[in-house]
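# Examination of the molecular architecture
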Amino acid sequence: MKSIYRLLLVALCATVAFTSCVTPSQVNYLQDMRHGSQIELENKFQAKICPYDELDIYVFGPSGSEELAKPFNISSSNISAGTMNRRGAYLVDVNGNIQFPVLGTMHVAGMTRLELQDAITNRLDSDNLLKSAVVMVRFANFKIFFLGAEGGKSITISNERCTFLEALALCGDLSVYTNRNKIAVMREVNGKMVMRYLDPRSSSVFQDPFFMLQQNDFIITQNYNTSTTRQEARNFVTMWVSTAMSTLTLALTIMNLLKK
């Protein structure tokens, strides 16, 4: 009888352990990748300028002509209404335009920052305003936003290039209870909010068009229904414990009968 009590105690401990566990297949990243795996990535990705973006734009003249570049940089003397926000960055309006000093209205939506640099440089040269100018454009608001059971947060991307996996790492990784096949990336595309689910457990995530994130993307996570998950695990363990105990009882009954 003592052996039966021991087995019963072990079964109860197993039930408690299994009801709160999360399996590796639910949380491990890139499970189908092997040593030496190679997957081609889009290395030439460049973010496109969109309405409501904030841009830092600086114009430099050739050596010895720094004064000539001053009219083309934002200063207290050439700020106009709507030209910049409170931080000093150019704010792209709803029509995709900025008001650039001297050059006036420029349509920038749809350009990359390098394309805008070239456009400003060419205008300054073709209009005989500043020859051999050096123009630098940077996104001032390249941010990725997170919403989930753990709360909301945002991260600022300094190099204007961020992948889905990089963003997960920067936010501090995911809880073990995060449902990894329901991680949504949501972005505005042509005036519509588009959502796609990405699964970091599979290497197919590298081929998803939303793997390369854009400024102001949202990553939305949700947790497993832990009460349901634990109940399912409890039912599974209980079934096996019940089967084991029934088998033991039957075996002991047969042994007792044979002894008689």
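Look up a bit, the structure's there.
Basis of the calculations
- Residues numbered from 1 in each chain as written.
- Predicted model: local features only at pLDDT ≥ 70, side-chain atom pairs only at ≥ 80, totals over all residues.
- Heavy atoms only, no water.
- Helix = DSSP H or I, 4+ residues; strand = E, 2+ residues; numbered from the N terminus.
- Contact = heavy atoms within 4.5 Å.
- Areas by Shrake-Rupley, 256 points an atom, 1.4 Å probe, with all protein chains shown as cover.
- Buried < 20%, exposed > 50% of the residue type's maximum accessible area, 1.4 Å probe, protein only.
- Pairing = 2+ DSSP bridges.
- Polar contact = N/O pair within 3.5 Å; in protein donor to acceptor, adjacent residues only side chain to side chain.
- Salt bridge = Lys/Arg side-chain N within 4 Å of Asp/Glu carboxyl O.
- Patch = residues over 30% accessible without salt bridge, like charges linked within 9 Å, V, L, I, M, F, W, Y side chains within 5 Å.
- Core = buried A, V, L, I, M, F, W, Y, C linked by side-chain atoms within 4.5 Å.

### Structural notes on the overall build of the protein
For the protein, the helix and strand inventory stands at six helices and twelve strands. In the protein, 65% of the contacts between residues at least 6 apart in sequence involve partners at least 24 apart. For the protein, the accessible area works out to roughly 16000 Å², and carbon and sulfur atoms hold 57% of it.

### Details of the pairing of strand β9 (residues 183–189)
The buried fraction of β9 is high, at five of seven residues. Where β9 lies against strand β10 (residues 192–198), seven bridges are found, and the strand directions are antiparallel. Bridge pairing links V189 to K192 in β10. The antiparallel hairpin formed by β9 and β10 contains two residues in its connecting segment, where N190 sits at a positive phi of about 50°. Where β9 meets strand β12 (residues 218–220), three bridges bridge the pair, whose relative direction is antiparallel. Bridge pairing in β12 places M186 opposite F218.

### Section: the side chain of R180
By secondary structure assignment, the location of R180 is in the loop between α5 (164–170) and β9. From its side chain, R180 meets the backbone oxygen of V27 in a polar contact 3.2 Å long. R180 has contacts with Q26, V27, Y29, L174, S175, L198, D199, P200, R201 and Y224, leaving out every residue within four places of it along the chain.

### Section: the pattern of salt bridges
Summed over the entire model, instances satisfying the criterion amount to seven salt bridges. For R187, the salt bridge identified is with D217, shortest N-O distance 2.7 Å. One end of the pair, R187, is in strand β9; the other, D217, is in the loop between β11 (212–213) and β12, and 30 residues separate them in sequence. One salt bridge in this structure joins D199 and R201, with 2.9 Å as the shortest N-O distance. On the basis of relative accessibility, which here comes to 16%, the residue R201 falls in the buried class.

### Description of a nonpolar patch on the surface
Together, Y58, F60, V134 and M136 make up an exposed nonpolar region whose accessible area comes to about 360 Å². When contributions to the nonpolar patch are tallied by element, the ones reaching two or more residues are β1 (54–60) and β5 (134–139). Structurally, M136 is set in strand β5. Note on M136: relative accessible area 31%, which makes it partly exposed.

### Points about unusual backbone geometry
With phi around 55°, S132 is a residue other than glycine that occupies positive phi space. Turning to its location among the elements, S132 is positioned in the loop between α4 (113–126) and β5. Judged by relative accessible area, which is 57%, S132 ranks as exposed. You will see that E160, though not glycine, has its phi angle at about 60°, which is positive. Since its relative accessible area comes to 9%, E160 is described here as buried.

### Topic: the pairing of strand β7 (residues 153–156)
By the bridge criterion, four bridges tie strand β6 (residues 143–147) to β7 in an arrangement that is antiparallel. Opposite K143, over in β7, you have T156 as the bridge partner. Linking β6 back to β7 in an antiparallel pair, the connection comprises five residues, with G151 at a positive phi of about 110°.

### Describing the side chain of N179
Turning to its location among the elements, N179 is positioned in the loop between α5 and β9. Non-local contacts of N179, meaning those with residues more than four positions away in its chain, are made with Q222, N223 and Y224.

### Observations concerning the nonpolar core
Judged by nonpolar contacts, the single largest core of 44 residues is most densely connected at I57, F100 and I219. Broken down by secondary-structure element, the contributors of at least two residues to this core are β1, β3 (97–100), α4, β5, β6, α5, β9 and β11. The residues touching I57, leaving out its near neighbours within four places in the chain, are N73, Y90, I98, F100, L116, I120, V135, M136 and V137.

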